[in-house]
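Overview (structure and organization)
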Amino acid sequence: MIITITREFGSGGRTIAKKLAEKLGYAYYDYEIVQQIAQESGFAKEYIEENGEDASSTSTFGFIWNNYGYNLSDELYIAQRNVICELADKGNCVIVGRCSDYILRDRKDVLNVFIHADFEYRKNRVVSVYGQNEFAPDKRIKDKDKRRIAYYKYYTDRKWADAKNYQLCLDSGVLGIDKCVEIIESAM
């Protein structure tokens, strides 16, 4: 069984994914995907971390075309897709983000989950977890979500956060992190 976790920035989706993987004894893939892509593709780890999950509105470097008609962003997406498919083929796992719900959409052994929360919850969480200055998280949250929305739309032609793309949509601000883990485990 494969579980994909897509999440709003600051909602605790990564924490939920990690706790769920530990509880189920599943492999957990998030930054591990970055490591594998860097090893297999030649992309710098820093470039993957910056551009591997959202569209960078500040980087024109990603839109330089190669001889095959792909830009660097496209090449990175293809490398991520290949790694995600390889990891899913290995067995039980939890995969965070990177359009993994879309990439694995034709498989029958996948549960797609979207984690969201209201803005105040996410703002408080960003300040407490990431150490963000309590006066600046608004811009960071809006920017991160905006970039994820654009990236997801570009590579999937779907609307990010649309409930139709997921079997479960959970509000971590209302339910709490541990309850979300429990619900996902029950849905398995």
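See the structure above.
Residues numbered from 1 in each chain as written. Predicted model: local features only at pLDDT ≥ 70, side-chain atom pairs only at ≥ 80, totals over all residues. Heavy atoms only, no water.

Topic: the packing of helix α4 (residues 72-90) against helix α7 (residues 137-156)
Stated precisely, the cut-off is as follows: Between the N-to-C directions of two axes lies an angle of 0 to 180 degrees, each axis being a line fitted to C-alpha atoms and, for a helix, fitted only over the stretch in contact. Counting from the N terminus, the helices are DSSP H or I runs at least four residues long and the strands are E runs at least two residues long. Any angle that is under 35 degrees is reported as roughly parallel, and any over 145 degrees as roughly antiparallel; angles of 65 to 115 degrees are reported as roughly perpendicular and all others as oblique. Pairs of residues are marked as contacts when any of their non-hydrogen atoms sit within 4.5 Å. Only Asp, Glu, Lys and Arg are considered charged, only Ala, Val, Leu, Ile, Met, Phe, Trp, Tyr, Cys and Pro nonpolar, and every remaining residue, Gly among them, polar.
Across the interface, α4 lies against α7 with an axial gap of 12 Å and an inter-helix angle of 80 degrees. What the angle tells us is that α4 and α7 run roughly perpendicular. Contacts from S73, D74, Y77 and Q80 of α4 reach α7 at Y151, Y154 and Y155. For the contact of α4 with α7, the residue count by class is four nonpolar, two polar and one charged.

Re the side chain of S172
Test applied: Relative accessible area decides the class of each residue, using a 1.4 Å probe on protein chains only: under 20% of the type maximum gives buried, over 50% gives exposed, and in between gives partly exposed.
Here S172 is to be found in helix α8 (residues 172-175). By relative accessible area, S172 is classed as buried at 1%. Filtering out sequence-adjacent residues up to four positions away, S172 remains in contact with S11, I16, I115, H116, A117, Y121, I177 and C180.

Some points on the sheet that holds strand β1 (residues 2-7)
So the rule is basically this: What makes two strands pair is DSSP finding at least two bridges between them.
Pairing is parallel across the open sheet formed by five strands, whose spatial order is β2-β3-β1-β4-β5. Unpaired on one side and paired on the other, β2 (27-29) and β5 (168-171) mark the two borders of the sheet. Taking each pair of neighbouring strands and ignoring which way they run, the sheet shows an average axis angle of 20 degrees. Helix α1 (residues 13-24) rests against β1, β2, β3 (93-96) and β4 (110-116) of the sheet, and its axis sits at about 165 degrees to β1. Here α4 sits on the sheet in contact with β1, β2 and β3, set at roughly 160 degrees to β3.

Details of the pattern of salt bridges
A side chain of one charge can pair with a side chain of the opposite charge if their charged atoms are brought near each other. To keep it simple, the criterion reads: In the sections that follow, a salt bridge refers to a side-chain nitrogen of Lys or Arg positioned within 4 Å of a carboxyl oxygen of Asp or Glu.
In this structure the tally under the stated criterion is 14 salt bridges. When the shortest N-O distance is used, the salt bridge between R147 and D143 registers 3.9 Å. Residue R147 and its partner D143 are both found in helix α7; the two are separated by four residues, about one turn of the helix. A residue is classified by how much of its surface remains accessible, and R147, at 13% relative accessible area, is buried.

Some points on the packing of aromatic side chains
We describe a pair of aromatic rings using the distance from one ring centre to the other and the angle between the two ring planes. The condition is simple: When the centres of two rings from Phe, Tyr and Trp lie within 6.5 Å, Trp using its six-membered ring, the rings pair. Their planes under 30 degrees apart give stacked, over 60 give edge-to-face, and anything left gives tilted. Placement of a charge over a ring requires the Lys NZ or Arg CZ to be within 6 Å of the ring centre, with the centre-to-atom vector within 35 degrees of the ring normal.
Per the stated rule, a full pass over the model turns up seven aromatic pairs. Aromatic pair F9 and Y130: ring centres 5.5 Å apart, planes at 15 degrees, arrangement stacked. Placement of F9 in the loop between β1 and α1 and of Y130 in helix α6 (residues 119-130) is noted, with a sequence separation of 121 residues between them. F9 gets classed as buried once you look at its relative accessible area, which sits at 5%. Directly above the ring of Y102 sits R105, whose terminal nitrogen or CZ lies 3.8 Å from the centroid. Taking the ring centre of Y130 as reference, the NZ or CZ of R140 above it sits at 5.3 Å.

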